[in-house]
Amino acid sequence: MFYHKGPAVVFDSEEEARDYLMNKKVKPGSVLAIRYEGPKGGPGMRELSIPAAMLVGMGLHTSVAMITDGRFSGATRGPCVGHIAPEAWSRGLLALVKNGDIIEIDLEKKKLELKVPPEELQERKANVKKPERRIKGVLAAYRDGVGGAEKGAVWLYQDD
């Protein structure tokens, strides 16, 4: 699939997506949007190969797309777009997606587009709520200091 356009089904974690795939009916044509799994949100840019493999096992890898601010392995099949940046945790566009929003993926044009008017996106941005993911110690320091995927998701620890 080099082109896909369909309604978003939104998840705030890999676990939510896996539960949905196991217990709900996935409609062909959907775009599964898994957010808050990027460098800061995960934290650590989690790999989403299990949901991708589940789609293959369900025979949906040619009719259901998946997008995430997390990452995929080289073995992922089907229309899966990862490393979306800026990530949802940093209030990137993925944080603004709602169930039913139309998402267009066009690989030949190198385009990933959320079909929502800019005014609506501005309104949504003012109301973004991150999921509660309490962390401490090194993971908290990592979240505070890591750069986005667009900058290599690098954490340069600096002792002040």
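Conventions used here
Residues numbered from 1 in each chain as written. Predicted model: local features only at pLDDT ≥ 70, side-chain atom pairs only at ≥ 80, totals over all residues. Heavy atoms only, no water. Helix = DSSP H or I, 4+ residues; strand = E, 2+ residues; numbered from the N terminus. Rg over C-alpha atoms; globule rule 2.2 N^0.38 Å. Buried < 20%, exposed > 50% of the residue type's maximum accessible area, 1.4 Å probe, protein only. Contact = heavy atoms within 4.5 Å. Areas by Shrake-Rupley, 256 points an atom, 1.4 Å probe, with all protein chains shown as cover. Lys, Arg positive; Asp, Glu negative; His and termini not counted. Charge placed at Lys NZ, Arg CZ, Asp CG, Glu CD. Pairing = 2+ DSSP bridges. Polar contact = N/O pair within 3.5 Å; in protein donor to acceptor, adjacent residues only side chain to side chain. Phe/Tyr/Trp six-rings, centres within 6.5 Å; stacked < 30°, edge-to-face > 60°. Lys NZ or Arg CZ within 6 Å of the ring centre and 35° of its normal.

Caption draft 1: Quick peek at the overall build of the protein chain. Looking only at helices and strands, the protein chain has 4 helices and 6 strands in total. Order of helices (α) and strands (β) in the protein chain, N terminus to C terminus: β-α-β-α-β-β-β-β-α-α. Taking 2.2 N^0.38 as the reference for a compact globule, 160 residues should give roughly 15 Å; the C-alpha atoms of the protein chain span a radius of gyration of 16 Å, in line with that estimate. Dimensions of the protein chain along its principal axes, counting C-alpha atoms only, are 50 × 35 × 30 Å. The buried share of the protein chain, reckoned over its 160 residues, is 41%. Summarising the internal contacts of the protein chain: among those between residues at least 6 apart in sequence, 63% fall at separations of at least 24. When the accessible area of the protein chain is evaluated, it comes to approximately 9000 Å², of which 51% is carbon and sulfur surface. With 25 positive and 22 negative side-chain charges, the protein chain shows a separation of 3 Å between the mean positions of the two kinds.

Caption draft 2: Just the pairing of strand β1 (residues 3–11), in detail. In this structure, β1 lies alongside strand β5 (residues 102–106), joined through 5 bridges in antiparallel fashion. Considered in β5, the bridge of Tyr 3 is made with Asp 106. Of the pairings in the sheet, the one linking β1 to strand β2 (residues 31–34) comprises 4 bridges and is parallel in character. Within the sheet, the bridge partner assigned to Phe 11 lies in β2 and is Ile 34.

Caption draft 3: Quick peek at the side chain of Asp 106. For Asp 106, the location among the structural elements is in strand β5. A polar side-chain atom of Asp 106 sits 3.2 Å from the main-chain amide nitrogen of Lys 109. Those residues in contact with Asp 106 that sit more than four places away from it in its chain are Phe 2, Tyr 3 and Lys 111.

Caption draft 4: Quick peek at the packing of aromatic side chains. On inspection of all chains with the given rule, the structure shows 3 aromatic pairs. Measuring from centroid to centroid gives 6.1 Å for Tyr 36 and Trp 89, while their planes differ by 85 degrees, and the two rings are edge-to-face. Of this pair, Tyr 36 sits in the loop between β2 and α2 (49–57) while Trp 89 is found in the loop between β4 (80–81) and β5, placing the two residues 53 residues apart along the sequence. Residue classification places Tyr 36 among the buried positions, given a relative accessible area of 1%. Geometry around Trp 89 places Arg 143 over its ring, the cationic atom sitting 4.0 Å from the centre.

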